[in-house]
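Each chain, letter by letter, is given below.
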Amino acid sequence: MLKYFPSYKRLCSLKLPLLLLVVLIFYSCNPTKYVPPDKTLLDKSEINIDNSRIKKTDLEPYIKQEPNKKIFGARFHLGLYNLSNIEKTGWPHGWLRNIGEEPVIFDAFSAGKSSEQIENYLFSKGYFNAEVTTDIFTHKQKTDIIYQVMAKNPYRIRRVIYDLKDTKIRNLFFMDTINCLIKKGEIYDVDLLQNERIRLERFIKDMGFYSFSRDNIYFEVDSTIGNRQVDVFYEVRKFLRYDESNRIIESEHQRYRINNVYIYTGFDPKRALDEGDSYLQKQDTSLVDGFYFLSDMEKHAVKPNVIIQSLYVKPGDLFQVTNMERSQDHLNSLQTFRLVTIRYTEPGNLPGWEFDELPLDCVIRLTPVTLQEFRVELEGTNSAGNLGGAVNFVYQHKNLFRGAERLNIKLKGAYETLSEQITGSRSTQEYGFETSLTLPRFMLPFLEKERFIKKYNPKTVITAAYNHQKMPVYTRTVANASFGYNWRGNRFTQHTVYPLQLNVVKLPFIDPDFEMNIDTSSYLAYSYKDVFILGGNYIYVFNNQNIKKSRDYWFIKMTGELAGNLLALGYRAAGVEPSNDNSYEIFGQPFAQYARADVDIRYNWTLNEVSSLVYRGFIGVGIPYGNSKAVPFEKQYFSGGANSIRAWNVRSLGPGSYTPVDSSFFNMTADVKLEFNAEYRFKLFWILEGATFLDIGNIWTFYEDEDRPGTQFRFNKFYRDLAVGTGLGLRFDLNFVILRADLGMKLRDPQLPDAPRWILRRRKLNFRDDFTLNISIGYPF
């Protein structure tokens, strides 16, 4: 490939890095350098299974020895280790061994233990007669091992025999047998029994049995009945306690009912530890709606009614562990407390206690966060190679009206240099402010507020912003305000609705030459006009990523947006005549009317501990109609840049196969966007990660633009307009942020006239025109 580069001589001058790369590849291909002569390197480890019910991924954790990690089929980390001189400890030898991986020496004892553990695992899954043998092959100081797993047929549950000694527990159990996980005919599974213990414990605790635990649940299994069947004896024992003579006796499990709820709204763990009981005695107590609020401050940190609406625990209710967990989650979601703890105490016999259940006091201790915060943020920016900087002054109040309201105010200013080759100008400036107020409630009068809040944990969000942008060829101001809600559907889904969004866009200055350029296209001319946008949107997000556990996960985001319909309906209902250009105006400027929807789908496939594959697909469509001939510029799609097709600069790709006559026009936007990205990510060493990627996509207009041929999306030809790029990337994981550099290379350019549009089939690669360096923060998707 190097012969295609005009800058070949320059690349060839980089002798040292290329030499190091060749040496690294050599040592990766000769991995036995530091393997003792009487030992062998574990080259390959495989598992063969005779039963399709058993997954290899379930058995892999029990393999004691795994070969050295590979990237693109090469043992990169072993190659780093082999680059060192094992007899030396100084730099760089010690450093290379530290970031590399020493050779995995085959150990027959570990292989035997692996076989034994796989058999134990299969036994726990009902495969009592499973056998695991190992086939070992050694050649040229390398060993391959294959674990042959003969699982045979599993044992199934013939019947379940219950022995529930406690009358109360027995009655509740048989009310809920439909949810019992142990069923006749199912394959015997130890994990199934354990999950049943967890299920029954939670069910019984949610029925008021505070002191009940899974230690009271026992299983015995009889596998001697033959015919590959087992009988499961399901036993729930009585409560064990000490009598007056200090002897252990059995008794019935007791239910508990909440007596009092004590809430410390400004609890200080350090003072409580230093001062002991005297700290608790200093707290003033007030009774609000049956809850006791305690504080040593003049006012509670958060209004009591806000705390009460987040609680599922109430005086007089039966104890429920689920209500305790939900209360803790809701209190944490207020983001007003640094620490939330919920404990229960037994007050003993209470005079005048009217219930059959035993009393239980709930103690909630809330430690507030620092209420106000001010910070200055300095940012370095790089947009498609244009360097710049930004400064933000941020103020945050986390409990504005003592109702867990969060106020954020940001003043920002930015400056960015632009390439004169592209724009003929030197810089852009931007300044403005953003403010938002988040309320921990759903501000709609016709909803059952408390019930909705407890179930979905909703929030009301009010935002306002103003932005002044001074671009090389135009100046634009954008003022916007919105009112909306967000809430959780479940632990994987999030809903956001903005029934009211207002945007006012003005262009007080447009460069005459630039205006002549965009006037050649009616689509562009309408895109760069003052516009008033009144509409709303809905956003659905699904994300099943588990931060604490590395596994495959999906991310799906769907957005729908409508604007201008209510205004258009109102004007028509009032009989208002449109203006000369057949559009309605509000406050002296036309309002936008359009529909817009897009879907963003991502899948992260974890291959092993050092590498993963990430796929992303995006489709978006915006349709102007009625009062608009084009979707507003702010709502149009663009392609190219650090998070899109990385072989093109941001906003430089498309629309379709159209090639602009004036190359200084660098804001390519349109109504339709299709994009597919695939990225292979791998850890290298230290904080360094690598990636290789493939990007495919483009943008198109929804309607035909006669002034710009080739821009319209058509089902029978859109695939001909797809741009294809590839490249390599480096990422620096600094824990708190990831710095990213991606070098994209064009493979297929839809703007090339006539076929073929694959660049290497037409000409040599040009480093200046066919490569793009993107420097950014965070992963691209």
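Since the structure is predicted, the reported quantities are computational estimates derived from the model, not experimental observations.

J.: Could you give an account of the packing of aromatic side chains, naming the residues involved and the relevant values?
T.: Enumeration over the complete set of coordinates arrives at 44 aromatic pairs. Seen in terms of ring centroids, Phe-72 and Phe-682 are 5.6 Å apart; in terms of plane orientation they differ by 75°. Their pairing is edge-to-face. You can see Phe-72 sitting in the loop between α3 (56-59) and α4 (76-83) and its partner Phe-682 sitting in strand β27 (residues 672-685), a full 610 residues away along the chain. Given the relative accessible area of 58%, Phe-72 is considered exposed. Measuring from ring centre to ring centre gives 5.9 Å for Phe-442 and Trp-487, while their planes differ by 75°; the resulting arrangement is edge-to-face. Separated by 45 residues along the polypeptide, Phe-442 in the loop between β17 (427-439) and α14 (449-456) and Trp-487 in strand β19 (residues 474-488) bring together distant segments of the chain. Across this residue pair, the class does not change: Phe-442 and Trp-487 are buried. Each residue in the set Tyr-162, Phe-173, Phe-174, Phe-219 and Tyr-234 is aromatic and connected to the rest through ring pairs, giving one cluster.

J.: Just give me the short version of the side chain of Lys-746, but keep the residues and values in it.
T.: Within the secondary structure, Lys-746 is located in strand β30 (residues 738-748). Within the structure, the side chain of Lys-746 is placed 3.1 Å from the backbone oxygen of Asp-769, a separation counted as a polar contact.

J.: I'd like to hear about the sheet that holds strand β5 (residues 217-222), residue by residue, with values.
T.: Read from one edge of the open sheet, three strands run β4-β6-β5, paired in mixed fashion. The open sheet has two edge strands with one neighbour each: β4 (156-164) and β5. Each adjacent strand pair in this sheet contributes to an overall mean axis angle of 20°, direction not counted. The sheet contact formed by β4 and strand β6 (residues 229-236) spans eight bridges and is parallel. Bridging from a neighbouring strand, Tyr-162 pairs with Tyr-234 of β6. Packing against the sheet, helix α7 (residues 167-175) makes contact with β4 and β6, and its axis sits at approximately 145° to β4.

J.: I'd like to hear about the sheet that holds strand β2 (residues 131-139), residue by residue, with values.
T.: Spatial strand order, β1-β3-β2: three strands in an open sheet with mixed pairing. Of all strands in the sheet, those with a lone pairing partner are β1 (41-49) and β2, marking the two edges. Direction aside, the axes of adjacent strands within the sheet are offset by 15° on average. As defined by bridge partners, β2 adjoins strand β3 (residues 142-150) across nine bridges and the pair is classed as antiparallel. Bridging across to β3, Val-132 finds its partner in Val-149. Sheet strands touched by helix α6 (residues 108-124): β2 and β3. Its angle to β3, the strand with the most contacts, is close to 20°.

J.: Kindly report on the nonpolar core, identifying the contributing residues and their values.
T.: In this structure, Val-261, Ile-263, Ile-307, Leu-331, Tyr-344, Ile-364 and Leu-366 are the most contacted members of the largest nonpolar core, which totals 27 residues. With near-sequence residues (within four places) excluded, Ile-364 lies in contact with Val-261, Tyr-262, Ile-263, Tyr-264, Leu-311, Leu-331, Thr-341 and Ile-342.

J.: Lay out α4 with the relevant residues and their values.
T.: Among the eight residues in α4, seven count as buried, and that is most of the element. If you check which residues of α4 are buried, you get Phe-76, His-77, Leu-78, Gly-79, Leu-80, Tyr-81 and Asn-82.

J.: If you had to explain the environment of Phe-718 to someone new, which residues and values would you point to?
T.: Its location among the elements puts Phe-718 in the loop between β28 (688-700) and β29 (723-733). The spatial distance from the C-alpha of Phe-718 to the C-alpha of Asn-698 is 9.0 Å, given a sequence separation of 20 residues.

J.: Break down the pattern of salt bridges for me, with residues and values.
T.: According to the stated counting rule, one finds 47 salt bridges in the structure shown. With its nearest N and O atoms 3.4 Å apart, the salt bridge here joins Asp-600 to Arg-616. Highlighted residues: Asp-600 in strand β25 (residues 594-608) and Arg-616 in strand β26 (residues 611-624), separated in sequence by 16 residues. Arg-616 sits in the buried class, given a relative accessible area of 8%. A network of salt bridges, in which partner residues are shared, links Arg-646, Glu-679, Arg-681, Asp-695, Arg-731, Arg-740 and Asp-742.

J.: Describe the confidence of the model for the chain, and please don't skip the residues or the numbers.
T.: Detailed reading of the predicted coordinates is not advisable wherever pLDDT falls low. For the chain, the mean per-residue pLDDT works out to 87, and 92% of the residues sit at or above 70. Considering only residues more than four positions removed or in separate chains, one finds that residues 1-18, a stretch of pLDDT under 50, has 19 contacts. Scored below 50 in pLDDT, residues 420-425 shows 13 contacts in the model against residues more than four places distant or in partner chains.

Rules of the game
- Residues numbered from 1 in each chain as written.
- Predicted model: local features only at pLDDT ≥ 70, side-chain atom pairs only at ≥ 80, totals over all residues.
- Heavy atoms only, no water.
- Phe/Tyr/Trp six-rings, centres within 6.5 Å; stacked < 30°, edge-to-face > 60°.
- Helix = DSSP H or I, 4+ residues; strand = E, 2+ residues; numbered from the N terminus.
- Buried < 20%, exposed > 50% of the residue type's maximum accessible area, 1.4 Å probe, protein only.
- Polar contact = N/O pair within 3.5 Å; in protein donor to acceptor, adjacent residues only side chain to side chain.
- Pairing = 2+ DSSP bridges.
- Axes fitted to C-alpha atoms, helices over the stretch in contact; angles between N-to-C directions.
- Contact = heavy atoms within 4.5 Å.
- Core = buried A, V, L, I, M, F, W, Y, C linked by side-chain atoms within 4.5 Å.
- Salt bridge = Lys/Arg side-chain N within 4 Å of Asp/Glu carboxyl O.
- pLDDT = per-residue confidence, 0-100.

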